[in-house]
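# Examination of the molecular architecture
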Amino acid sequence: MGEIVGDEVSVTLLPKVRGKLTPDAPLAPLVWFKSGGTAEWLFEPADVADLTEFLRDLDPAVPVMALGLGSNLIVRDGGVPGVVVRLGKAFAKVQAEGQTLTCGGGASGILVSSTARDAGIAGVEFLRSIPGTVGGFVRMNGGAYGRETKDVLIDCDVVLRSGERVTLPGDALGYSYRHSELPEGAIVVSATFRGQPGEPAAIQAEMDRIAAAREASQPLRSKTGGSTFKNPEGDKAWRLVDAAGCRGLMRGGAQVSEKHTNFLINTGDATSADIEGLGDDVRARVKAASGVDLEWEIQRVGVAK
C-alpha cells in the first residue's frame, strides 16, 4: 500500500511494480511547453496488469494523473503531487480489422491514422493533426477539421482509480466540446474506433491536406501547447484574442503567437507561471473588449511555486 506521510507519498510503502517508478521526475522534458516542475512519482507501467495492480494497492488518498504527449498541458512550477502515469510502448499498438481500429491508450494520432490508411479505413484522418495520444483524445473529445473523437469512438477500456478495469461505450462518456465525464483518476488503456471503407491514396491525400493546413496556420516549430482556449459558440477564440489586441503580447518569456493568436509560446525561458499568467491576461483583455469569457482548453495541473 502507498501511504501519505505529511504531504509526501512514502517510498517504502508504494506498491511493487514491474514497470518503472521514478521519484521527483522532471516533467518539463515530457511536455510541449518545456516548462514546469516535477512529478512526485512518475510511473511507467509494464502492461495493463501492472497498472491495475498498482492502482488497486495504492492508498486511495494518493492523487493519480495520466500524462500523454503533454501537448495541451501546463505543468505548474511547483510540480504534480502523487503519481503521474505515462503509458509507454506496451500501450502504443494499433490493430485494424474490417473497418475498426483497436488502439492502445499510448498510441499517437499519427500512428492511428497511418494504420487506418494502410488498411483502407477512412474517417480518422483528422487524428493526424492532433499532437496527442488515444488516451488524451478519449478524455478530452479531441477534434480538428470538423470531426471529434465522439464521431468515431465505439468504446474504450479504462482502469479506474480503484484498479478496476471496465469497458465504457462512447455514449457513456457524456461528451461535449473538448470535454468528457470520464471519472477522475481513470486511465484510458485502449479504445476502439470505427471508420468506413476508403482508398489508401485518397486517405493519404486528405492527411496531406490536413498536415499542410496545420503547418501553414500554426506555430508548430515553437515550444507551444496547442489551442489555448475553447472556441465560444458561434465564434473563434483566435479572432477574439486578435480583436482584443493580444497578438504578440508577452509576459516574462511567454508570448501570444504572432502566427496564430490562440497559441501561447515559450520563447525560451518562460516559467509555467509566465504561460498561465499570460493566458489569464488574454482572458481579461478579451472579456473587457468583447464581454466573452474564454474558457481554457489547455489543462493546467499541479501546484504553483
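Residues numbered from 1 in each chain as written. Predicted model: local features only at pLDDT ≥ 70, side-chain atom pairs only at ≥ 80, totals over all residues. Heavy atoms only, no water.

## Some words on the overall build of the protein chain
Looking only at helices and strands, one finds 6 helices and 21 strands in the protein chain. In terms of its C-alpha atoms, the protein chain occupies a principal-axis envelope of roughly 55 × 50 × 30 Å. Across the protein chain, contacts joining residues at least 24 apart in sequence account for 65% of those joining residues at least 6 apart. Of the roughly 13600 Å² of accessible surface on the protein chain, 51% is carried by carbon and sulfur atoms. (Helix = DSSP H or I, 4+ residues; strand = E, 2+ residues; numbered from the N terminus. Contact = heavy atoms within 4.5 Å. Areas by Shrake-Rupley, 256 points an atom, 1.4 Å probe, with all protein chains shown as cover.)

## Examining the environment of Gly 252
Mapped onto the fold, Gly 252 is located in the loop between strand E18 (250–251) and strand E19 (254–256). Overall, the relative accessible area of 54% leaves Gly 252 in the exposed class. Along the sequence, Gly 252 and Asn 72 sit 180 residues apart, while their C-alpha atoms lie 20 Å from each other. (Buried < 20%, exposed > 50% of the residue type's maximum accessible area, 1.4 Å probe, protein only.)

## Concerning the nonpolar core
Formed by 27 residues in total, the largest nonpolar core has its most connected members in Leu 101, Val 112, Leu 127, Val 134, Val 138 and Phe 193. Breaking this core down by element, the ones donating at least two residues are strand E9 (100–104), helix H2 (109–118), helix H3 (134–140), strand E13 (153–159) and strand E15 (187–194). Setting aside its immediate chain neighbours within four residues, Val 134 contacts Cys 103, Gly 104, Gly 105, Ala 107, Val 112, Ala 191 and Phe 193. (Core = buried A, V, L, I, M, F, W, Y, C linked by side-chain atoms within 4.5 Å.)

## Some thoughts on the pairing of strand E4 (residues 38–44)
Within E4, 5 of the 7 residues are buried, which leaves the element mostly enclosed by the surrounding structure. Bridging between strand E3 (residues 20–26) and E4 involves 6 bridges; their strand directions are antiparallel. In the strand pairing of E4, Ala 25 is matched with Ala 39. Bridge count between E4 and strand E7 (residues 80–86): 4 bridges; the pairing is parallel. When the bridges of E7 are listed, Trp 41 appears paired with Val 83. (Pairing = 2+ DSSP bridges.)

## Describing the confidence of the model for the protein chain
When pLDDT is averaged along the protein chain, the result is 92; 96% of the residues meet or exceed 70. The model gives residues 1–6 a pLDDT under 50, and that stretch makes 21 contacts with residues more than four places away or in other chains. (pLDDT = per-residue confidence, 0-100.)

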